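Here's the letter readout for the chains.
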Amino acid sequence: MNAADGMARHFREMLDRKQSFENLGLLKMKSGNDFVEDGLRLPDSVLYFHGLIAENEITVLFSKPGVGKSILAVQIGVEIAKVKPVLYIDLELSVKQFQKRYTVQGIRFNFPDNFKRAEFNTDDPITDGMEEGLLESIELAAQKGIQVVILDNITYACPDAERADSATIFMQRLKHLKETYRITLIILSHTPKIPDYRPLTLNDLAGSHKLMAFVDSAVALARVPGKTPQRYIKQVKVRSSEAIYDGEHVALLELVDSMGWLHMEFIGEASENELLYSAEHDPRIDEARALHSEGKSLREIAAIMSVGKSTVSRWLKEKTVPGVPTVPSVPGAGQTGQTGQWDTNQRQYEEKLPLPPAEV
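Bear in mind the structure is a predicted one, so any value in this text is a computation, not a measurement.

**Here we look at the overall build of the protein chain**
And step 1. The number of helices and strands found in the protein chain is 13 helices and 15 strands.
And step 2. For the protein chain, buried positions account for 42% of its 360 residues.
And step 3. Across the protein chain, every contact between residues at least 6 apart in sequence was considered, and the portion connecting residues at least 24 apart equals 64%.
And step 4. Surface exposure of the protein chain reaches about 19,900 Å², of which carbon and sulfur atoms provide 52%.

This is the structure we're talking about:
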């Protein structure tokens, strides 16, 4: 059975099951048992690419610019294309840039026949809006049998993605396409500029609140500080199964170019904290001291850096590591609380310091 026949059968089954629904305006209702039966008729999700991508789900892959998420996304697409049709919508690279990325010294990488790349059709100017045109194109691709769509990236596809209303509408439409055609969607996105030593979280995704509400899983890609070719992968949201690569066990990768095949090799696992914080010096100490020199309180620094106040206190007391510059404190700078007053009780508890002299 080909993809088109399978999709037609799926639609017929959907029509048969719709008879038992009760319409509630925008909603359709039936018993929980009936929904379980519907689920049993559907195949279980297949996991691809080291368990990071689940079939028939929306996965967001995000990182800071220049880390290599497009390289990783193409690699994921190539892997899945070995078993089913994949469409890679490339809104960033030109034809020449794409060619150079996968060609070295006259040797080019041979993509699977099932891997298709698409870019904007310059012969057909955009008239109805980029978002609407892309959504229609994805639907046409699904109707032609494409089962996996990789969108690189949402910033180009939906320029107002960081706005709640725009992100909501765009993601609702994508989810509708996913449910209607049973396709798998992989969406690439950026993170705002954050220090390299900060562990990545759900909140680091640009426009995270609305995007995260609609995606089924989220995968973060980051550099390993001090090791140029190395990257690591961390799952920050998972629905279909338990996270394989959490903060304690992130996937360690190395960027390599093998005969025109630019990709990332999995070289092991590691703790995210061990990768980010070296034994000689924790770079967060410099930031804490810089904030302290600006007059920030322990509470304020802890909130900014997402750590405990006792941790900030310990950092400020630690001796400077030889050869590592720190920011000197500003004479007379005080510790102020959230209201701008001395937070005396907390400071005594955290720092074991005497109360400041009373103002005259």
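**Some details on the sheet that holds strand 10 (residues 148-152)**
And step 1. A sheet is described by the order of its strands in space; here 9 strands give the open sequence 9-6-10-11-5-12-13-14-15, paired in mixed fashion. The sheet terminates laterally at strand 9 (115-118) and strand 15 (261-270), the two strands that pair on one side only. Going from strand to strand, the sheet's axes swing by 25 degrees on average, the running direction of each strand aside.
And step 2. Direction of pairing for strand 14 (residues 250-258) relative to strand 15: antiparallel, over a ladder of 9 bridges. Note on strand 15: the bridge partner recorded for L253 is F266.

**What about the side chain of T191?**
And step 1. Relative to the assigned elements, T191 resides in the loop between strand 11 (184-190) and helix 8 (208-214).
And step 2. The class of T191 is buried, set by a relative accessible area of 5%.
And step 3. Engagement of the side chain of T191 in a polar contact is seen with the backbone nitrogen of K64, the distance being 3.4 Å.

**A word on the pattern of salt bridges**
And step 1. The final tally for this structure, using the stated rule, is 12 salt bridges.
And step 2. Across the pair K234 and E272 runs a salt bridge whose closest N-O atoms are separated by 2.8 Å. Separated by 38 residues along the polypeptide, K234 in strand 13 (residues 227-237) and E272 in helix 9 (residues 272-276) bring together distant segments of the chain. The pair K234 / E272 is uniform in exposure class, with both members buried.
And step 3. When the shortest N-O distance is used, the salt bridge between K296 and E294 registers 3.6 Å.
And step 4. Exposure remark for K296: the relative accessible area of 25% places this residue in the partly exposed category.

**Topic: the nonpolar core**
And step 1. I89, F170, M171, L174 and M212 are the most contacted members of the largest nonpolar core, which has 45 residues in total.
And step 2. Leaving out residues up to four positions away in the same chain, M171 has contacts with I58, I154, L211, F214 and V215.
And step 3. Counting residues in each nonpolar core, the second largest holds 34 residues, with I80, L93, L253 and M264 among its members.

**Side note on the packing of helix 11 (residues 298-305) against helix 12 (residues 309-317)**
And step 1. Taken N-terminus to C-terminus, the directions of helix 11 and helix 12 make an angle of 105 degrees; their axes are 8 Å apart at the nearest point. Considering their axes alone, helix 11 and helix 12 lie roughly perpendicular with respect to each other. Across from L298, R299, I301, A302 and M305 in helix 11, the residues of helix 12 making contact are K309, V312, S313, W315 and L316.
And step 2. For the contact of helix 11 with helix 12, the per-class residue count stands at 7 nonpolar, 1 polar and 2 charged.

**So, the packing of aromatic side chains**
And step 1. The final tally for this structure, using the stated rule, is 10 aromatic pairs.
And step 2. Their ring planes at 85 degrees and their centres at 4.9 Å tell us that F109 and F111 sit as a pair that is edge-to-face.
And step 3. Following the ring pairs from residue to residue traces out a cluster consisting of Y88, F98, Y102, F109, F111, F115 and W261.
And step 4. For the cation-ring pair, K30 lies above F21, with the distance from its terminal atom to the ring centre recorded as 4.3 Å.

**Some remarks on the packing of helix 10 (residues 284-293) against helix 11**
And step 1. At their nearest, the axes of helix 10 and helix 11 sit 10 Å apart, and the two run at 140 degrees to each other. Looking at the two axes, helix 10 sits oblique to helix 11. Regarding helix 10 and helix 11, the two cross each other, and that crossing is right-handed. Across the interface between the two elements, R284, E287, A288, L291 and H292 of helix 10 pack against I301, I304 and M305 of helix 11.
And step 2. For the contact of helix 10 with helix 11, the residue count by class is 5 nonpolar, 1 polar and 2 charged.

**Thoughts on the side chain of N153**
And step 1. Its location among the elements puts N153 in the loop between strand 10 and helix 6 (154-157).
And step 2. Within polar-contact distance, the side chain of N153 engages the side chain of E92 at 2.4 Å.
And step 3. Beyond its immediate sequence surroundings of up to four residues, N153 is in contact with L91, E92, L188, S189 and H190.

**Remarks on the confidence of the model for the protein chain**
And step 1. Confidence along the protein chain averages 80 in pLDDT terms, with 76% of residues attaining 70 or more.
And step 2. In the model of the protein chain, helix 13 (residues 344-351) stands out as the element of lowest mean pLDDT, 39, in contrast to strand 9, which has the highest, 98.
And step 3. Under a pLDDT of 50 for its full length, residues 320-360 has, in the predicted model, 55 contacts with residues more than four places off or in other chains.

**A look at the pairing of strand 6 (residues 86-90)**
And step 1. Across the 5 residues that make up strand 6, a large majority, 5, are buried.
And step 2. Residues V86, Y88 and D90 point to one face of strand 6 and L87 and I89 to the other, with burial holding for every one of them.
And step 3. Here strand 6 runs beside strand 9; their pairing, made up of 4 bridges, is parallel. Each bridged residue has a counterpart across the sheet, and for I89 the counterpart in strand 9 is A118.
And step 4. Both strand 6 and strand 10 contribute to a ladder of 5 bridges, which runs parallel. Residue pairing in the sheet places Y88 in a bridge with I150 of strand 10.

Definitions and cut-offs
- Starting from 1, residues in each chain are numbered consecutively following that chain's sequence as written.
- Per-residue local features of the predicted model are confined to residues with pLDDT of at least 70, and side-chain atom pairs are confined, for both listing and counting, to 80 or more; whole-chain, interface and lining totals are unaffected and use all residues.
- Hydrogen atoms and water are omitted, and side-chain values are computed over all heavy atoms in the structure.
- Helix and strand assignments follow DSSP, with helices taken as H or I runs no shorter than four residues and strands as E runs no shorter than two, numbered in order from the N terminus.
- Categorising residues by exposure relies on relative accessible area from a 1.4 Å probe, with only protein chains included: less than 20% of the type maximum marks a residue as buried, more than 50% marks it as exposed, and the intermediate range marks it as partly exposed.
- Residues are treated as being in contact if the distance between any of their heavy atoms lies within 4.5 Å.
- Residue-level accessible areas treat just the shown protein chains as cover; the underlying method is Shrake-Rupley with a 1.4 Å probe.
- Strands were regarded as paired on the criterion that DSSP finds at least two bridges between them.
- Only C-alpha atoms enter the line fits that serve as axes; for helices the fit covers just the stretch in contact. Angles between N-to-C directions range over 0 to 180 degrees.
- In protein, a polar contact means a hydrogen-donor-capable atom and an acceptor-capable atom, both N or O and within 3.5 Å, with residues adjacent in sequence counting only if both atoms are side-chain atoms; elsewhere, any N or O pair within 3.5 Å suffices.
- We define a salt bridge as a side-chain nitrogen of Lys or Arg found within 4 Å of a carboxyl oxygen belonging to Asp or Glu.
- Only buried Ala, Val, Leu, Ile, Met, Phe, Trp, Tyr and Cys residues count toward a nonpolar core, and they belong to the same one when joined by side-chain atoms within 4.5 Å.
- An angle below 35 degrees is read as roughly parallel, one above 145 as roughly antiparallel, one from 65 to 115 as roughly perpendicular, and any other as oblique.
- Gly falls in the polar group here, along with every residue not listed as nonpolar (Ala, Val, Leu, Ile, Met, Phe, Trp, Tyr, Cys, Pro) or charged (Asp, Glu, Lys, Arg).
- Side-chain rings of Phe, Tyr and Trp, where Trp is taken by its six-membered ring, are said to pair if the distance between their centres is within 6.5 Å; with planes under 30 degrees apart they count as stacked, over 60 as edge-to-face, and otherwise as tilted.
- Both a distance and an angle decide whether a charge sits over a ring: NZ of Lys or CZ of Arg must be within 6 Å of the ring centre and within 35 degrees of the ring normal.
- The handedness criterion is simple: a crossing whose near helix is rotated anticlockwise from the far helix by less than a right angle is left-handed, and one whose near helix is rotated clockwise is right-handed.
- Here pLDDT means the predictor's own confidence in every residue, given as a number from 0 to 100.

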